[in-house]
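Notes for the structure review
Listed below, chain by chain, are the residues.
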Amino acid sequence: MEEAACLQLAHRMASLQPSATLAMAARAGAMKASGIDVIDLSVGEPDFPTPEHICEAGKAAITAGKTKYTPAAGIPALREAIAKDYTRRSGLPVTPAHVIVSNGAKHSLHNVFTAVLNPGDEVIVPTPYWVSYAELIKLAGAKPILVETSIDEDFKLQPAALKSAITPHTRMLLLCSPSNPTGVVYSREELACIADIAIEADISVVSDEIYDQLVFDGRESVSFPTLRPGLESRSIVVAGVSKTYSMTGWRIGWTIAPPTLSKAMGSLQSQETSNPCSISQHAAIEAITGPQECVAVMRNAFQARRDLVVERLRNIPGVNIPDIGGAFYAFFDIQASLGASKGPQDSVTWCEQLLEKEQVATVAGSAFGAEGHVRMSFAASEEKLTIGLDRIARFLGSMQ
Ligand code: PMP
Ligand code: GLU
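Only a predicted model underlies this, so the values are computations on that prediction, with no experimental measurement involved.

Lining the immediate surroundings of ligand 1 are 13 residues, of which Ala-105, Asn-180, Asp-208, Tyr-211 and Lys-243 lie closest. Arg-251 places a polar side-chain atom, nitrogen or oxygen, 2.8 Å from an oxygen atom of ligand 1.

This is the structure we're talking about:
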């Protein structure tokens, strides 16, 4: 059925791209369903089941009839648990009034951009960036200002590059450490330097810390607002249970932000979605306040997989990767294998050919604002990773 002209899409939809990560995962899923042996290293989602005690809390919430509306910004016990946990881990005292619970961290980011940005405002986004940032900023009517980083500097935003991107229209800087898609983790000193520039320029900072508990080799993941006294007044932390507790489908994320902004985001959410799922909120309380061994078990597994992936990729001629200190992604340089007369000319074709010829699903660097690269998730078993890497090596070898 054709739609009538009166259903023409709004202007804001004109440039909206679907999530490339979810699109690739759907494509790999469809191939698997048709019986093809696909190694899916596309979507960034822990492959572990949600820990049993968390699932039990969800079931208990259903049995106890916790199946009704909750306050739109989240149930008080969950906001309190998030505030206490953040205060304990970061040392920065926050209260439930700083916390708004949403339908996943993606929704939290949408709330922030919608509540803070006006048309014409600029948001500095270092590339490579996670796929949804630029689209969500544009949906809010603002302008993402992409600032390139280089693999030689581990894809970290350099102070000089940040300073030169700041204009009178800059309202916000977006940071993600540990990073999706590169896995790099900024040090305290690096972040402090960025914090000083943000204070000097009087801009706000959104710090996406959703991978904060997935750091390797005993590294610390520093929460941005803790870096300088008073920094919390211009900072918004975004986090959630999706990655730490393998709860991607439960859809619980949150912001930690100054109370006035939090209140505004709560109002926004009360009109847009009402509360996040009541059952998931109860499960999230158990995730945050219950036994934490599951987090260490998953972190150790990701670290072992990181070791495997790094060793294998470093042995492939022409492939460069940064120092992966956290999360579960390897973002590697494929420029040496682009541009041959019969070979792929860009990262999208590279990924398509890898999927067609070797049945390995990855995501093109262009979706992260970094053409000439590819992202593979290592949230897959060592067996699958080994097969996937064998196939990637064969694919690259066939192009020489
Ligand atoms: N930020 C980053 C950096 C992510 O990788 C993700 C992954 N989906 C999100 C936010 C959104 O997480 P959620 O599943 O909680 O919406
Ligand atoms: N954040 C994950 C990824 O980057 C999940 C997909 C998505 O939310 O777009 O693959």
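What follows concerns the packing of helix 4 (residues 105-116) against helix 8 (residues 259-272). Relative orientation of the contacting elements helix 4 and helix 8 amounts to 110 degrees, with a least axis distance of 10 Å. Classified by the angle their axes make, helix 4 and helix 8 are roughly perpendicular. In this structure, the crossing between helix 4 and helix 8 has a hand that is right-handed. Contacts from His-107, His-110, Asn-111, Val-112, Thr-114, Ala-115 and Val-116 of helix 4 reach helix 8 at Leu-261, Met-265, Leu-268, Gln-269 and Glu-272. Classifying every residue of the contact of helix 4 with helix 8 gives six nonpolar, five polar and one charged.

All right, on to the environment of Tyr-186 then. Turning to its location among the elements, Tyr-186 is positioned in the loop between strand 5 (170-176) and helix 7 (188-201). Relative accessible area serves as the criterion here: at 5%, Tyr-186 is assigned to the buried category. For the pair Tyr-186 and Leu-157, spaced 29 residues apart in sequence, the C-alpha to C-alpha distance is 9.2 Å. Setting aside anything within four residues of it in sequence, one finds Tyr-186 in contact with Phe-155, Lys-156, Leu-157, Cys-176, Ser-177, Leu-191 and Ile-194. A polar contact is formed between the side chain of Tyr-186 and the backbone nitrogen of Leu-157, at a distance of 2.7 Å.

Ordered in space as 2-8-7-6-5-3-4, the seven strands form an open sheet in which the pairing is mixed. The open sheet terminates on both sides in strands that have one partner only, identified here as strand 2 (99-102) and strand 4 (143-148). With direction set aside, neighbouring strand axes in the sheet form an average angle of 20 degrees. Pairing of strand 5 with strand 6 (residues 204-208), which is carried by five bridges, proceeds in the parallel orientation. Along strand 6, the bridge assignment pairs Met-172 with Ser-204.

With that settled, consider the site of ligand 2. In the region of ligand 2, the neighbouring residues are Ser-19, Thr-21, Leu-22, Val-43, Gly-44, Lys-106, Trp-130, Asn-180, Lys-243, Tyr-329 and Arg-375. Take Ser-19: an N or O atom from its side chain is 3.1 Å from an oxygen atom of ligand 2. When ligand 2 is considered free in solution it has 280 Å² of accessible area, and contact with the protein chains removes 89% of it. Along the lines of polarity and charge, the residues of the shell around ligand 2 split into four nonpolar, four polar and three charged.

Another aspect to go through is unusual backbone geometry. Omega for the bond connecting Ser-177 with Pro-178 falls within 30 degrees of zero, at -5 degrees, which places this linkage in the cis form. Mapped onto the secondary structure, Pro-178 falls in the loop between strand 5 and helix 7. A cis amide bond links Asn-180 with the next residue in sequence, Pro-181, at an omega value of 25 degrees. Looking at where Pro-181 falls in the secondary structure, it is placed in the loop between strand 5 and helix 7. Phi is positive for Gln-359, which is not a glycine, with a value near 55 degrees. Tracing the sequence through the fold places Gln-359 in the loop between helix 11 (347-358) and strand 10 (360-361).

Turning to the pairing of strand 8 (residues 253-256), a few remarks are in order. The alternating pattern of strand 8 places Gly-253 and Thr-255 on one face and Trp-254 and Ile-256 on the opposite face, and all of these are buried. Bridge count between strand 7 (residues 235-240) and strand 8: four bridges; the pairing is antiparallel. Paired with Ala-239 across the bridge in strand 8 is Trp-254.

Thresholds applied
Residues numbered from 1 in each chain as written. Chains lettered and ligands numbered in written order. Predicted model: local features only at pLDDT ≥ 70, side-chain atom pairs only at ≥ 80, totals over all residues. Heavy atoms only, no water. Near = heavy atom within 4 Å. Polar contact = N/O pair within 3.5 Å; in protein donor to acceptor, adjacent residues only side chain to side chain. Axes fitted to C-alpha atoms, helices over the stretch in contact; angles between N-to-C directions. Helix = DSSP H or I, 4+ residues; strand = E, 2+ residues; numbered from the N terminus. Parallel < 35°, antiparallel > 145°, perpendicular 65-115°, else oblique. Left-handed = near helix turned anticlockwise from the far one by under 90°. Contact = heavy atoms within 4.5 Å. Nonpolar A, V, L, I, M, F, W, Y, C, P; charged D, E, K, R; others polar. Buried < 20%, exposed > 50% of the residue type's maximum accessible area, 1.4 Å probe, protein only. Pairing = 2+ DSSP bridges. Areas by Shrake-Rupley, 256 points an atom, 1.4 Å probe, with all protein chains shown as cover.

Geometry only, nothing functional implied.
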